[in-house]
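Below, each chain spelled out in residue letters.
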Amino acid sequence: MLDFPRWKVIWLWSLTIIGILAAIPSLTTAAGFAWPSQLPEPRVNLGLDLAGGSHILLEADPSQVTSQRLEGMEESVRGKVASSDGKVRVSDIAQTNGTLTFVVQDPTQVDAMREMVLPLTSGAGLTGQRDWKIEVVDGTRFILTPTPEGIAQAVTQAMDTAVEVVRKRIDALGTREPTIIRQGDNRIVVQVPGLQDPAALKSLLGQTAKLEFKLVDTTALPSDIAKGIVPPGSELVPFAPGSPQAGTRLAVKRLGGIRGDTLTNAQQSNNQQTNEPVVSITFNNEGGAKFAKLTTANVNKPFAIILDGKVLSAPNINEPIIGGTAQISGSFTAQSANQLAISLRSGALPVDLKVVEERTVGPDLGADSIRKGMIAMLVGTVAVMAFIFFTYGRFGVYADIALVINVLMILGVMAIVNTTLTLPGIAGFVLTIGAAVDANVLINERIREERKRGRRVVQAVEMGYKEASRAIYDANITNIIAAVLMFLFGSGPVKGFAVVLVIGIMTSVFTAMTMTRLWVSQWLRKARPSTIEI
Amino acid sequence: MKLVKLVPDDTNIHFLKWRIPFFIVSGLLVLASWALVLTEGLNFGVDFVGGQMIRATFERSATAPVGGLRSEVTALGYGEPIIQTYGKPNQVSIRMKLPKGADHDPALADTMTRTITADLKAKHADVRIDGVDSVSGKVSKELGWTAFKALGFAAIAISIYIWVRFEWQFGVGALVSLVHDVSLTLGMFAVTQIEFDLNIVAALLTLIGYSLNDTIVVYDRIRENLKKYRRMPMPELLDLSVNETLARTVMTSLMMLITLTALLLLGPQVIFGFTAAITLGIFVGTYSSIYMAAPILIWLRVTSGSFVPNESAQDRQERLAREGA
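The structure displayed is predicted, hence computed values, not measured ones.

1. A short note on the overall build of chain A
- In terms of regular secondary structure, chain A is built from 13 helices and 19 strands.
- Expected size for 534 residues packed as a compact globule is a radius of gyration near 24 Å; at 35 Å, chain A overshoots this value by more than 25%.
- For chain A, the proportion of its 534 residues judged to be buried stands at 51%.
- Put simply, 68% of the contacts in chain A that link residues at least 6 apart link residues at least 24 apart.
- Entry remark: accessible area of chain A is about 24400 Å², with carbon and sulfur atoms responsible for 57%.
- The distance from the centre of the 50 positive side-chain charges to the centre of the 46 negative ones in chain A is 8 Å.

Right under this line is the structure:
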């Protein structure tokens, strides 16, 4: 128990020194000194609750992904039918209860139809399911149902894209070091240190930025629109709040429009005639060609510019627009036009994101907490150290040195594994100090006991460490169990607390048991005392 | 140097003599705590019930104008706020329910925050907004459920660990004293109406871990003594074990008291409730390790046979022969 071969001594001291060295950058920063940038600098990050900033939890609605897939499938099926040159004719296309149904008019063409639909589906999941189930009932009625695997895959893809889009938009705002993490199946956490007013950020993330150009159905009568009646193949879209026609709706053709996902650029600019803020967009080749085709075929007809299901404006197509660029007008302010330009540049969000949790912390509170936490820790540590010294003498000195090294090592390990210190984490830090000396109390009390029973010095020390270590390990393992559960189930700050606890438990076992044993054994071997004061 | 000894050598206090009255008192305290939690309720923060919390400090006032604030905020038409000071008398948290429909349109919650903070700043020149928390009903339900799961799993996992390391009776004893400690701490939150938020759950998990430290130290000594003194009656053996570990118990409790007092008095105010929970829990934990965890072993009939395999008649004769020789 008290035998330490030379390699072990070197090993233990190197661990200790690495731990202490790693703590130095964090300490100098806290004390206000700049750390030379050419040196490596592992440093403890401050959590949002200490540094100040905003935490936003966004949630997507998976059912939206499902309905988008139905839309997409309907469009693909119509496209296939149209390109069959009248060979296959279908009727009664409808989306009902999350399925797409249609009837093939000629029963002999059912197999041909099946051949056409099959390539529109693809594999999903690991066990060979496809993303759509194709059924034929009553001989000619097709029922296409998205499978759960297909939906799950679509949601995952949508969320991956959403995280990318969110990142691009936040980068465009120029905020520093944002953290953007996917959480669970359909959530995204956004943390921006230092951000005090998250309103701009939230309105930017709240905008799906799904841009569509659709032809206006001029055959619809205003009286019918008011009653909610639309011609077949068209739909009613409300005007955006803030536009002159706000509160009314417009009938537009459901299919045959152009989506804004073919843009290469979007910039805020001003209309040359009216000097109103507008958004100038540039299409890619494919989108430009489609746009040219649409505008050439529909000169002198109005088309609607629709953003996130709201009509921004419905200008007339005065001439074919073939250059691949266009201007979007729609009662913008310079700011809202700029925001839309950012959103369009970063691409549309594949799903709407809603803010379900938001936390903002001012910078003063955090700074105050750090200062008070440090004072509490210093006072607590000094008082505990004094107490330990007066109770255990030389053995107390060893425990005290172990305590100081422990504090530094916790900081060092936190810096090395790059964890974040949160407000409850400060409490965890202080608490660890009280708990860390428990190991030394147990050991020293046991040595006292063994001496009272008449054991010789070396034997008593040996027994003290041996007998106490059982309880120390059991107690620390139960603490780690609690901390691990805290980490698994806790959110942000609580997780930070759990990490400090676990690191503190490990370093305290190392310093309070291993290191003090090393020092005690070295002293015993050198001084060979026949009696000890403990 | 003369060393300090807080506990004299060879104490022989008959702790277990009062085990039945203390057990009854503890049982009553647990019942009272739950009765309070159920009747008075816990003062749940927005983490668990949803809503919005604005934290503010009145920098140049000794106390926050809580009454005035309440009528000012109510006048804004978003319903009646819950306003409490926390930490210092000039720091308040203002809690509101989220406006109707905010689950669908988060902009409504934003408008409410803006209206309230603008109103505060207009009417109080020295106000400093320290933070805004806004949690939707759905998220708060999930947070509550995961917190509950974390506590439950922790208690069970720890008990299983102790069962594996000791014997099943010890696992039961640890579980009972855990429930006791957490119940009394919850009772304290019901009495004081300190805000119960996510951090408090972390505090409860911590005290589950730390209050068990005492239990484990006592149990470890009981196990050791059971092997050493096979014929000693159980109450006497428990008393001996508690007395032998008394110096350590007092010393460690004192160390924890020192650091926690420093944190309570000098530490950050925002986590006052958190520190208070841990402080209370740790002392309840020390008590329960002596008066809950230990006597349960008597009632569950732990004997030295629990750790030493029963001897066959032949082994016994051989042992007696050896001991006689």
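What follows continues from the structure just given.
2. Some thoughts on the sheet that holds strand β6 (residues 141-146) of chain A
Residue and element names in this part refer to chain A.
- An order of β3-β4-β6-β5 is seen for the four strands of this open sheet, with the pairing classed as antiparallel. Looking at the sheet topology across the chains shown, the edges are occupied by β3 (90-96) and β5 (132-137). Adjacent strand axes in the sheet meet at a mean angle of 15°, parallel and antiparallel pairs treated alike.
- For β5 and β6, the ladder comprises six bridges, and the chain directions are antiparallel. Within β6, the position partnered with E135 by the bridge is I143.

3. Concerning the domain arrangement of chain A
Residue and element names in this part refer to chain A.
- By the assigned domains, chain A splits into domain 1 (6-52 + 363-527), domain 2 (63-151) and domain 3 (207-360).
- In this complex, domain 2 contributes seven residues to the contact, which on the side of domain 3 involves six residues.
- Buried area between domain 2 and domain 3, both sides added, is near 570 Å², and the carbon and sulfur share of it is 39%.
- Broken down residue by residue, the surface that domain 2 buries against domain 3 is led by Q64, Q68 and E75, which jointly contribute 60%.
- A salt bridge links E74 to R254, with the shortest nitrogen-to-oxygen separation between them at 3.1 Å.
- Counting residues per element, the side of domain 2 that touches domain 3 draws most heavily on helix α3 (residues 62-82), at six residues.
- Looking at the side of domain 2 that touches domain 3, its residues break down into one nonpolar, three polar and three charged.

4. Section: the nonpolar core
- In this structure, I162(B) and I222(B) are the most contacted members of the largest nonpolar core, which totals 150 residues.
- Once residues within four sequence positions are removed from consideration, I222(B) is found in contact with F170(B), M234(B), L237(B), L238(B), S241(B) and L297(B).

5. Structural notes on the side chain of D474(A)
- On the secondary structure map, D474(A) appears in helix α12 (residues 457-489).
- Residue contacts for D474(A): discarding those within four places in its chain leaves Y161(B), R165(B), F166(B), I216(B) and R223(B).

6. Topic: the domain arrangement of chain B
All names here are of chain B.
- Considered domain by domain, chain B is made up of domain 1 (15-41 + 140-299) and domain 2 (51-135).
- Once you take the C-alpha centre of each, domain 1 and domain 2 turn out to be 37 Å apart.
- At the junction of the two partners, domain 1 supplies six residues and domain 2 supplies 10 residues.
- Interface area, domain 1 with domain 2, both sides summed: about 620 Å², of which 54% is carbon and sulfur.
- Three residues stand out in domain 1 for area buried against domain 2, namely E195, Q269 and V270, and they jointly supply 73% of the buried area on that side.
- In this structure, the connection of domain 1 to domain 2 is made through one salt bridge.
- Linking E195 and R95 is a salt bridge whose minimum nitrogen-to-oxygen distance equals 3.9 Å.
- Where domain 1 touches domain 2, the interface holds one residue pair in polar contact (both at pLDDT 80 or more).

7. Brief notes about the environment of M159(A)
Residue and element names in this part refer to chain A.
- By the element assignment, M159 lies in helix α5 (residues 148-173).
- M159 gets classed as buried once you look at its relative accessible area, which sits at 1%.
- In sequence terms M159 and P320 are 161 residues apart; their C-alpha atoms lie 37 Å from each other.
- Excluding anything up to four places from it in sequence, M159 contacts A60, R182, D185, N186, R187, I188 and V351.

8. Considering empty space enclosed by the protein
- Under the criterion given, the structure shown has seven cavities of 30 Å³ or more.
- When its volume is computed, the largest cavity comes out at roughly 150 Å³.
- Surrounding the largest cavity, 15 residues form its lining, A435(A), D438(A), N476(A), S508(A) and N213(B) being those nearest its centre.
- Where the lining of the largest cavity is concerned, the elements lending two or more residues are α11 (423-452), α12 and α13 (492-527) of chain A together with α7 (198-228) of chain B.
- Ranked by residues supplied to the lining of the largest cavity, first place goes to α11(A) with six residues.
- Its residues assigned to classes, the lining of the largest cavity shows eight nonpolar, six polar and one charged.
- L442(A), R446(A), V217(B), R221(B) and T245(B) are the residues nearest the centre of the second largest cavity, which is lined by 14 residues in total.
- Mapped by element, the contributors of at least two residues to the lining of the second largest cavity are α11 and α12 of chain A together with α7 of chain B.
- Classifying every residue of the lining of the second largest cavity gives four nonpolar, one polar and nine charged.

9. Quick look at the pairing of strand β14 (residues 277-283) of chain A
Residue and element names in this part refer to chain A.
- Judged by how many residues are buried, β14 sits mostly within the fold: five of seven residues are covered.
- One ladder, built from seven bridges, connects strand β13 (residues 263-270) with β14; its direction is antiparallel. In the sheet register, Q267 faces β14, and the bridge partner there is S280.
- Where β14 meets strand β17 (residues 325-328), four bridges bridge the pair, whose relative direction is antiparallel. From the neighbouring strand, V279 faces β17, where its bridge partner is I328.

10. Structural notes on the environment of S76(A)
Residues and elements named next belong to chain A.
- Tracing the chain through its elements places S76 in helix α3.
- With a relative accessible area of 29%, S76 lands in the partly exposed category.
- S76 sits 181 residues away from G257 along the chain, and the two C-alpha atoms are 14 Å apart.

11. Regarding the interface of chain A and chain B
- At the interface, 73 residues of chain A touch 77 residues of chain B.
- For the pair chain A and chain B, the number of links is 12 salt bridges.
- Between D220(B) and R470(A) there is a salt bridge whose closest N-O contact spans 2.8 Å.
- Summed over the shared surface of chain A and chain B, the number is 21 residue pairs in polar contact (both at pLDDT 80 or more).
- Counting residues per element, the ones that place at least two in the side of chain A that touches chain B are β2 (53-60), α6 (199-206), β18 (353-361), α10 (363-416), α11, α12 and α13 of chain A.
- Ranked by the residues each element gives to the side of chain A that touches chain B, the list is headed by α10(A), at 19 residues.
- A per-class count over the side of chain A that touches chain B returns 39 nonpolar, 12 polar and 22 charged.
- When β18(A) meets strand β4 (residues 127-135) of chain B, the two strands line up antiparallel, connected through five bridges. By the bridge assignment, V361(A) is partnered in β4(B) with G131(B).

About the criteria used
- Residues numbered from 1 in each chain as written.
- Chains lettered and ligands numbered in written order.
- Predicted model: local features only at pLDDT ≥ 70, side-chain atom pairs only at ≥ 80, totals over all residues.
- Heavy atoms only, no water.
- Helix = DSSP H or I, 4+ residues; strand = E, 2+ residues; numbered from the N terminus.
- Rg over C-alpha atoms; globule rule 2.2 N^0.38 Å.
- Buried < 20%, exposed > 50% of the residue type's maximum accessible area, 1.4 Å probe, protein only.
- Contact = heavy atoms within 4.5 Å.
- Areas by Shrake-Rupley, 256 points an atom, 1.4 Å probe, with all protein chains shown as cover.
- Lys, Arg positive; Asp, Glu negative; His and termini not counted.
- Charge placed at Lys NZ, Arg CZ, Asp CG, Glu CD.
- Pairing = 2+ DSSP bridges.
- Axes fitted to C-alpha atoms, helices over the stretch in contact; angles between N-to-C directions.
- Domains from an automatic or database assignment.
- Buried area = accessible area lost by both parts, 1.4 Å probe.
- Salt bridge = Lys/Arg side-chain N within 4 Å of Asp/Glu carboxyl O.
- Nonpolar A, V, L, I, M, F, W, Y, C, P; charged D, E, K, R; others polar.
- Core = buried A, V, L, I, M, F, W, Y, C linked by side-chain atoms within 4.5 Å.
- Polar contact = N/O pair within 3.5 Å; in protein donor to acceptor, adjacent residues only side chain to side chain.
- 1 Å grid on protein atoms, 1.4 Å probe; cavity = no way out; pocket = protein on both sides within 12 Å on 5 of 7 lines; lining within 4 Å.
- Points joined across faces, edges and corners; volume = space filled by probe spheres on them.

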